[in-house]
Amino acid sequence: MSNRSQGYADVLVGLQYGDEGKAKIVDLIAPEYDIVARFNGGANAGHTVQTPTGTVVLQQVPSAVFRPKTSLYIGSGCAVNLWKLRAELEMLESLGVDLDGRLAISDRCALIQPSHLILDELNGDEIGTTKNGIGPCYADRASRFAHGQRVNLQIRDVLANADDSCAWMRSGAQVALEQIDRLDVRTLADVEERLASLADCIESVRPFVQGDPFYLQRRVLNGERVLFEGAQSVMLDVVHGDQPFVTASHTVPAYAYVGGDLPPRHHRYTIGVAKALTSRVGNGPFPSELGGERAAAYFTEACRNGRGAAQERAEYDGRKLLSSSDPMELGIALRMLTQEYGTGTGRPRRIGMLDLVQLREVVSNFGVDLVYLNKVDCLELYEESLYSGIPVRVPREGAPRDAPEIIVLPPFAVDPGCASTALLEFKDFVEQHIGVPLIGMGLGPERGHIAEFFALNDHVPSVDAPTISPNA
Ligand code: IMP
């Protein structure tokens, strides 16, 4: 625990497969912090924030950008796409957001290069990546040197020598292009276009680049409070997720102190964000998926054919499908009625039931202290489903962890403005299973649609539930 005359840091991570609504929570609690910092991933994230002027999707800039008193930091663990970052900064400027003196970017962030985009395009389909070059970028960071030259470039390299960096990027792209059977003229032109605008991108980002490795620590020692904002989620961690169906960065909370450039001695809470209606976008195991393997195959096919929200809307009536006796169709209906499509890619997200077996394991393994549960209002839709209630995966007494029981909870109506008795009973039920308190629940899409049960700076209440023993 940190010394309170100094500041402290909390870490917020997603507990499932991404898209749990982390940005909404970061935006909510940002006033409790002086700095919100990213520590992993890059433009593969699509963080949706509701603002008074509409919905904004952020990719690389921390989600507290619309809280003007909060500083923002992009830590060295991130993979920065300079072209996309410049566009994001321009978009924010057009919305009147002034980032001067508010945003700092570590000069050690790895850079996404044209070769990374080519290689991800070439190899990403099996995993279902977002094609943002994230995997190849982190791979080059680990390789450091290949085919006779440097392959990892940090922001400080391009700042110090744009010409050399440009030449390395060009030759990396040529090596990547050799892996494509037929020389793709469009891709070649795309590489040259990117390289031609590299110098401009560097200049847009230069004012924000921070070369001081003690930058965050100094601020915390002076009493400031940091919130680390995780991208992707724990189940997509490059080591702890299910290889190869993971992202290429570390998403687990402990990594915040590596990729976020702060000693861990300042840690206070680990905050988890989960979603009552679970989703996964991308291939790979998803134990609670409605419709199981058939639904997974439907997703793969949809990606192959570019089928997204518009096509599903043209083909199905979501309301009618809700009462289908086929769980896969129920999944389609829930996706349509709750808008579960990739923010960056537009892909349909696979839909699953609330999995308290998985959530409990993740909470225990990664030391999560408290949890926000989003999209609780969406559970109402299950009333019309084949379950006539809310299906939830819970452990089966005496059975192995991969043989859980599905129980059906009574449906309840949600009023975004208040917490009903039924909602509080549901809250107790979840807490008993996951073993830590729910601090809040998302009850609707808008900024204010959230029930909060205690304040972050209050003492975190304990939950009287059995914990998972490390020796079990
Ligand atoms: P990559 O991070 O683009 O390499 O993609 C690897 C896997 O992580 C794929 O299954 C992606 O769909 C998934 N993924 C990456 N970023 C996100 C995200 O922000 N939300 C949800 N899934 C993501």
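A few points on the structure.

What counts and how
Numbering of residues begins from 1 in every chain and follows the order in which that chain's sequence is written. Where totals are concerned, whole chains, interfaces and linings use all residues; where local detail is concerned, this predicted model gives features only for residues with pLDDT of at least 70, and gives and counts side-chain atom pairs only at 80 or more. With hydrogens and water excluded, all non-hydrogen atoms of the structure serve as input to the side-chain values. Throughout, near means a residue has at least one heavy atom within 4 Å of the molecule or strand. Counting of polar contacts relies on pairs of N or O atoms within 3.5 Å, with two restrictions inside protein: one atom must be capable of donating a hydrogen and the other of accepting it, and residues adjacent in sequence are counted only when both atoms are side-chain atoms. Ten residue types, Ala, Val, Leu, Ile, Met, Phe, Trp, Tyr, Cys and Pro, are classed as nonpolar, four, Asp, Glu, Lys and Arg, as charged, and the remainder, Gly among them, as polar. Buried and open spaces are told apart on a 1 Å grid over the protein atoms alone, a cavity being a set of points where a 1.4 Å probe fits but cannot get out and a pocket being an open set with protein on both sides within 12 Å along at least five of seven lines. Residues with an atom within 4 Å of a point are the lining residues. Grid points are joined across faces, edges and corners, and a volume is the space filled by probe spheres set on the points. A helix here means a DSSP run of H or I that spans at least four residues, while a strand means a run of E at least two residues long, and both kinds are numbered starting from the N terminus. Pairs of strands are assigned from DSSP output, requiring at least two bridges between the strands. Patch membership requires over 30% relative accessible area and the absence of a salt bridge. Like charges are linked within 9 Å, and nonpolar side chains (Val, Leu, Ile, Met, Phe, Trp, Tyr) within 5 Å. Surface exposure here means Shrake-Rupley accessible area, sampled with a 1.4 Å probe, where a residue is shielded only by the protein chains that are shown. When a carboxyl oxygen of Asp or Glu is within 4 Å of a side-chain nitrogen of Lys or Arg, the pair counts as a salt bridge. In this tally, Lys and Arg are treated as positive and Asp and Glu as negative; His is ignored, and so are the chain termini. Charge positions come from single atoms, namely NZ of Lys, CZ of Arg, CG of Asp or CD of Glu. Buried means the residue's accessible area, taken with a 1.4 Å probe over protein chains only, is under 20% of the maximum for its type, while exposed means over 50%, and partly exposed covers the values in between. In this description, one arc is meant: the one made by directions from the helix axis to the C-beta atoms. Here the axes come from fitting lines to C-alpha atoms, over the contacting stretch only for helices, and the angles between their N-to-C directions go from 0 to 180 degrees. Angular relationships are summarised with four words: roughly parallel below 35 degrees, roughly antiparallel beyond 145, roughly perpendicular across 65 to 115, and oblique for the angles in between. Crossing handedness is defined as follows: a turn of the near helix away from the far one that is anticlockwise and smaller than a right angle gives a left-handed crossing, while the clockwise case is right-handed. The contact criterion used throughout is that any non-hydrogen atoms of two residues lie within 4.5 Å. Working definition: a ring pair exists when centres of Phe, Tyr or Trp rings (six-membered ring for Trp) sit within 6.5 Å. Plane angles under 30 degrees give stacked, over 60 give edge-to-face, the rest tilted. Charge-over-ring placement is defined geometrically: NZ (Lys) or CZ (Arg) within 6 Å of the ring centre, and within 35 degrees of the ring normal.

### Some thoughts on the site of the ligand
Part 1: Around the ligand, the surrounding shell holds 17 residues, and the nearest of these are Asn44, Thr130, Thr247, Val281 and Arg347.
Part 2: Contact between the ligand and Gln232: a nitrogen atom at 3.3 Å from a side-chain N or O atom of the residue.
Part 3: Note that an oxygen atom of the ligand is positioned 2.7 Å from one of the backbone N or O atoms of Val281.
Part 4: Within the shell around the ligand, the residues separate by chemical class into six nonpolar, nine polar and two charged.

### Regarding empty space enclosed by the protein
Part 1: Counting across every chain of the model gives two cavities of 30 Å³ or more.
Part 2: Reported here for the largest cavity is a volume of approximately 90 Å³.
Part 3: Going through the elements one at a time, helix H11 (292-304), helix H14 (327-338) and strand S15 (350-352) are the ones with two or more residues in the lining of the largest cavity.
Part 4: At four residues, H14 tops the list of elements feeding residues into the lining of the largest cavity.
Part 5: For the lining of the largest cavity, the residue count by class is eight nonpolar, one polar and four charged.
Part 6: What the second largest cavity holds in volume is close to 40 Å³.
Part 7: As for the second largest cavity, its lining consists of Leu15, Gln16, Thr278, Asp355, Gln358 and Leu359.
Part 8: The residue inventory of the lining of the second largest cavity, partitioned by class, reads two nonpolar, three polar and one charged.

### A few points about the sheet that holds strand S18 (residues 390-394)
Part 1: Spatial strand order, S16-S18-S19: three strands in an open sheet with mixed pairing. At either end of the open sheet lies a strand with only one pairing partner, and these are strand S16 (354-355) and strand S19 (405-409).
Part 2: For S18 and S19, the ladder comprises five bridges, and the chain directions are antiparallel. The partner of Val394 across the bridge, within S19, is Glu405.

### Considering a negative patch on the surface
Part 1: Residues Glu90, Glu93, Asp98 and Asp100 make up a contiguous surface patch of negative charge.
Part 2: Structurally, Glu90 is set in helix H2 (residues 82-94).
Part 3: Judged by relative accessible area, which is 47%, Glu90 ranks as partly exposed.

### As for the layout of surface pockets
Part 1: Volume-wise, the second largest pocket comes out at about 360 Å³.
Part 2: Around the second largest pocket, the lining is made up of 19 residues, and of these Met235, Pro287, Gln358, Glu361 and Arg401 lie nearest the centre.
Part 3: Per element, the largest residue contribution to the lining of the second largest pocket is five residues, and it comes from helix H15 (residues 356-365).
Part 4: Classifying every residue of the lining of the second largest pocket by side-chain character gives nine nonpolar, four polar and six charged.

### Details of the pairing of strand S7 (residues 103-106)
Part 1: Residues Leu103 and Ile105 line one face of S7 and the alternating positions Ala104 and Ser106 line the opposite face, and both faces are buried.
Part 2: Bridge analysis of strand S5 (residues 71-74) against S7 gives three bridges, and the strand direction is parallel. For Leu72, the partnering residue across the bridge sits in S7 and is Leu103.
Part 3: Pairing of S7 with strand S11 (residues 209-210), which is carried by two bridges, proceeds in the parallel orientation. Pairing of Ile105 across the sheet is with Val209, part of S11.

### Thoughts on helix H8 (residues 198-205)
Part 1: Buried residues of H8: Leu198, Cys201, Ile202 and Val205, and no others. One side of H8 carries all its buried residues, which in axial view fall inside an arc of 100°.

### Quick look at the packing of helix H3 (residues 114-123) against helix H6 (residues 162-177)
The angle between the axes and the distance between the axes are what describe a pair of packed helices.
Part 1: Remark: H3 packs on H6, axes separated minimally by 7 Å, with the N-to-C direction vectors making an angle of 20°. What the angle tells us is that H3 and H6 run roughly parallel. Crossing of H3 against H6: the hand is left-handed. Facing H3, whose interface residues are Pro114, Ser115, Ile118 and Leu119, H6 presents Met169, Gly172, Ala173, Ala176 and Leu177.
Part 2: Taken together, the residues of the contact of H3 with H6 sort by class into seven nonpolar, two polar and no charged.

### A short note on the packing of aromatic side chains
Part 1: Within the structure shown, the criterion is met by six aromatic pairs.
Part 2: Their ring planes at 70° and their centres at 5.3 Å tell us that Tyr17 and Phe286 sit as a pair that is edge-to-face. Here Phe286 lies in the loop between strand S14 (278-280) and H11 and Tyr17 lies in the loop between strand S1 (8-14) and helix H1 (22-29), a separation of 269 residues in the sequence.
Part 3: Its relative accessible area of 2% is what places Tyr17 among the buried residues.
Part 4: In this arrangement the basic side chain of Arg194 is found over the ring face of Trp83, its NZ or CZ atom lying 5.4 Å from the centre.
Part 5: The ring of Phe453 has Lys427 lying over it, and the distance from NZ or CZ to the ring centre is 4.8 Å.

### Brief notes about the pairing of S18
Part 1: A large share of S18 lies buried, amounting to five of its five residues.
Part 2: The alternating pattern of S18 places Ile390, Val392 and Val394 on one face and Pro391 and Arg393 on the opposite face, and all of these are buried.
Part 3: With two bridges connecting them, S16 and S18 associate as parallel partners. Considered in S18, the bridge of Leu354 is made with Val392.

That is the geometry; function is a separate question.
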